[in-house]
Amino acid sequence: IMHDEMGIDDVLDLMDDIRDQDEVENRINEILGQEGVSAVVEMGEEDLLAELELLEEEVRLEGEKQNVSDGNEEDLVLPEQPTAPLPDVKKPAKLEPAIAKVAVAS
């Protein structure tokens, strides 16, 4: 049933989104876990909120980038079709393959 609703591109996009969210989660865990709770207390509330705002901004920008890349075909601007005829191209001369001689040890 899911095969009818989601194509391979949709699955790959979903996997990319999950991977991005994992990266954000890992950064938050790194800040909170690796340095310990005492580091958060030492950081101060203002520093912690500033770091959180930076993370939120990154997520927002990634979301905007994702929305831009998922744009409709109607928004797609293509170059004009050429009106001049294409130049004639000569076919390359066909080279005869070289015959390799192989020595056989007896």
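The structure we're discussing is the one just above.
Residues numbered from 1 in each chain as written. Predicted model: local features only at pLDDT ≥ 70, side-chain atom pairs only at ≥ 80, totals over all residues. Heavy atoms only, no water.

Draft legend 1. Quick look at the overall build of the protein chain. Counting its secondary structure elements, the protein chain contains 4 helices and 0 strands. Helices and strands appear in the protein chain in the N-to-C order α-α-α-α. (Helix = DSSP H or I, 4+ residues; strand = E, 2+ residues; numbered from the N terminus.)

Draft legend 2. Quick look at a nonpolar patch on the surface. There is a patch of nonpolar side chains on the surface, built from Ile-8, Val-11, Leu-12 and Met-15 and spanning about 350 Å² of accessible area. Topologically, Met-15 is positioned in helix α2 (residues 8-34). (Patch = residues over 30% accessible without salt bridge, like charges linked within 9 Å, V, L, I, M, F, W, Y side chains within 5 Å. Areas by Shrake-Rupley, 256 points an atom, 1.4 Å probe, with all protein chains shown as cover. Salt bridge = Lys/Arg side-chain N within 4 Å of Asp/Glu carboxyl O.)

Draft legend 3. Quick look at the environment of Ile-31. Along the polypeptide, Ile-31 turns up in helix α2. Considering only alpha carbons, one finds Ile-31 and Glu-51, 20 residues apart in sequence, at a separation of 9.4 Å.

Draft legend 4. Summary view of the layout of surface pockets. In this structure, the largest pocket spans a volume of roughly 260 Å³. Lining the largest pocket are 13 residues, and of these Asp-20, Gln-21, Glu-58, Val-59 and Glu-62 sit closest to its centre. Mapped onto the lining of the largest pocket, the elements with two or more residues apiece are α2 and α4 (45-69). With 7 residues, the single largest contributor to the lining of the largest pocket is α4. Looking at the lining of the largest pocket residue by residue, the class counts come to 2 nonpolar, 4 polar and 7 charged. (1 Å grid on protein atoms, 1.4 Å probe; cavity = no way out; pocket = protein on both sides within 12 Å on 5 of 7 lines; lining within 4 Å. Points joined across faces, edges and corners; volume = space filled by probe spheres on them. Nonpolar A, V, L, I, M, F, W, Y, C, P; charged D, E, K, R; others polar.)

Draft legend 5. Spotlight on the pattern of salt bridges. For the coordinates displayed, the defined rule picks out 4 salt bridges. Here Glu-51 ties to Arg-27 by a salt bridge, and the two come within 3.7 Å at their closest N and O atoms. Linking Glu-51 in helix α4 with Arg-27 in helix α2, this pair joins segments that are 24 residues apart in sequence. Given the relative accessible area of 22%, Glu-51 is considered partly exposed. Taking relative accessible area as the criterion, Arg-27 reaches 35% and is therefore assigned partly exposed. For Arg-27, the salt bridge goes to Glu-58, with nearest N and O atoms at 2.8 Å. Of the two residues, Arg-27 sits in helix α2 while Glu-58 sits in helix α4, which places them 31 residues apart along the sequence. Linked through salt bridges whose partners overlap, the residues forming this network are Arg-27, Glu-51 and Glu-58. (Buried < 20%, exposed > 50% of the residue type's maximum accessible area, 1.4 Å probe, protein only.)

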